[in-house]
Amino acid sequence: MLTKFLNKLIILLNISKNTFTENLVSESKNNIKNVENREQYLENPVNEKAMFRKMMKSRLSEYTQNFLKIKKNAESAFLIFTQSDLYRESRTILAFISMELEMETREVIKKALADGKRVAVPRTIPKTCGMDFYFLSPKTSLESQLEKSEYGILEPKTDLEKLEPERLPIHTVLLVPGLAYGKDGARLGHGKGFYDRYIEKLYAQKSEIHLPVALVGWGFSMQVFDEVPIEDHDFMLTHIVTEKGIMLCK
């Protein structure tokens, strides 16, 4: 018998009636044939998350091939977010530079800077799973303030002002990338734990005034599910922004 989670995974995969779906389901089954205790394997959150990540990366790879659709969806999400109270009442936004398979963030960053808000984006710390945020300047172009990291992703240059977590500005909104989101606020990232560690650092401080007012998942509506596999140390989001609206997580 397959576990409840694997059955759900197969149902989700069947949303897309193509060869990839059939191959991935077959591969998922084959991968656990050699596991002595299938039930124990599938009920392990780490294994559940690995299977879900594999599924989402493939679905997003297929989904983002439609450039016009994802551009339209990103524009809708941009308008929804920037016209919301969540955005209007924020003074600082911790954003991220969107990569392949992620919904575009550059327009949000540029508008926030133009609106006089402070904006910071993350830079990974080499040979660790840690990261720091650096403030962007509204006086120069966004691209001129970025450089490629050892991971091949665009990150802020180190000559920019670094944000100190214990001095997080008041009314800060944190936009969080992910592969999948649960309606309850659960988030499935890429598995390195960068955001889990950073957010844990933010909440380790004693002063509540320096905590973010919202942790916001940023993605396409097809990334949102009733639930996603998580572990005890995973943080929960307060909101999710997609092209369909802003969801308040329960």
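Residues numbered from 1 in each chain as written. Predicted model: local features only at pLDDT ≥ 70, side-chain atom pairs only at ≥ 80, totals over all residues. Heavy atoms only, no water.

1. Brief notes about the overall build of the protein
- Within the protein, the regular secondary structure consists of 8 helices and 12 strands.
- Taking all contacts inside the protein whose residues are at least 6 apart in sequence as the whole, residues at least 24 apart take part in 69%.
- Carbon and sulfur atoms make up 51% of the accessible area of the protein, which totals about 13,400 Å². (Helix = DSSP H or I, 4+ residues; strand = E, 2+ residues; numbered from the N terminus. Contact = heavy atoms within 4.5 Å. Areas by Shrake-Rupley, 256 points an atom, 1.4 Å probe, with all protein chains shown as cover.)

2. Here we look at the sheet that holds strand β8 (residues 187-188)
- Strand order in the open sheet made by the 3 strands is β8-β7-β10, with mixed pairing throughout. Each edge of the open sheet is held by one strand with a lone partner, namely β8 and β10 (224-225).
- Relative to β10, strand β7 (residues 180-182) runs parallel, the two sharing 2 bridges. Its bridge partner lying in β10, G182 is registered against F225. (Pairing = 2+ DSSP bridges.)

3. So, the pattern of salt bridges
- For the structure shown, the criterion picks out 12 salt bridges.
- Notably, a salt bridge pairs K49 with D234, separated by 3.0 Å at the nearest N-O pair. Of this pair, K49 sits in helix α4 (residues 45-63) while D234 sits in the loop between β10 and β11 (239-242), placing them 185 residues apart in sequence. Each member of the pair, K49 as well as D234, is classed as buried.
- Where R118 meets E161, a salt bridge forms, and the shortest distance between an N and an O atom there is 2.8 Å. Highlighted residues: R118 in strand β2 (residues 118-124) and E161 in the loop between β5 (154-156) and β6 (172-176), separated in sequence by 43 residues. (Salt bridge = Lys/Arg side-chain N within 4 Å of Asp/Glu carboxyl O. Buried < 20%, exposed > 50% of the residue type's maximum accessible area, 1.4 Å probe, protein only.)

4. Quick notes on the packing of helix α5 (residues 67-82) against helix α7 (residues 106-114)
- Contact geometry of α5 with α7 gives a least axis separation of 10 Å together with a crossing angle of 30°. Between α5 and α7, the crossing angle belongs to the class labelled roughly parallel. Pair α5 / α7 crosses with right-handed handedness. Contacts from F78, F81 and T82 in α5 reach E107, V108 and K111 in α7. (Axes fitted to C-alpha atoms, helices over the stretch in contact; angles between N-to-C directions. Parallel < 35°, antiparallel > 145°, perpendicular 65-115°, else oblique. Left-handed = near helix turned anticlockwise from the far one by under 90°.)

5. A look at the confidence of the model for the protein
- In this model, the protein carries an average pLDDT of 86, and 82% of its residues clear a pLDDT of 70 or more.
- Of the regions scoring below 50 in pLDDT, residues 13-27 engages in 17 contacts with residues more than four places distant in sequence or in other chains. (pLDDT = per-residue confidence, 0-100.)

6. Side note on the packing of aromatic side chains
- Tallied over the full model, the rule gives 5 aromatic pairs.
- With 5.5 Å between their ring centres and 70° between their planes, F81 and Y87 make a pair best called edge-to-face. An identical accessibility class is assigned to F81 and Y87; each is buried.
- A ring pair is formed by F81 and W218, whose centres lie 5.9 Å apart and whose planes are at 75°; its orientation type is edge-to-face. With F81 in helix α5 and W218 in strand β9 (residues 214-218), this residue pair connects regions lying 137 residues apart in the sequence. Per residue, the accessibility class of F81 equals that of W218, and both read buried.
- Each member of the aromatic cluster is reached from another via a ring pair, and the members are F81, Y87 and W218.
- The ring centre of Y87 lies 4.6 Å from the NZ or CZ of K117, which sits over that ring.
- Residue placement shows R118 over the ring face of F135; its charged tip is 3.7 Å from the ring centre. (Phe/Tyr/Trp six-rings, centres within 6.5 Å; stacked < 30°, edge-to-face > 60°. Lys NZ or Arg CZ within 6 Å of the ring centre and 35° of its normal.)

7. A word on the nonpolar core
- M56, F81, I109, F133, L174, L175 and W218 are the most contacted members of the largest nonpolar core, which has 62 residues in total.
- Dropping the residues within four chain positions of it, F133 is found in contact with L94, A95, A120, V121, P122, E161, K162, L163, L174, Y195 and Y198. (Core = buried A, V, L, I, M, F, W, Y, C linked by side-chain atoms within 4.5 Å.)

8. So, the side chain of Q145
- Mapped onto the secondary structure, Q145 falls in the loop between β3 (131-135) and β4 (146-148).
- A polar contact of 3.3 Å, which involves the side chain of Q145, links it to the backbone oxygen of S141.
- With residues up to four places along the chain from it excluded, the contact list for Q145 reads L136, S137, T140, E155, P156, K157 and L160. (Polar contact = N/O pair within 3.5 Å; in protein donor to acceptor, adjacent residues only side chain to side chain.)

9. As for the environment of M51
- Looking at where M51 falls in the secondary structure, it is placed in helix α4.
- On the accessibility criterion, M51 (12% relative accessible area) is buried.
- When the C-alpha positions of M51 and P229 are compared, they lie 9.8 Å apart, and in sequence the two are 178 residues distant.

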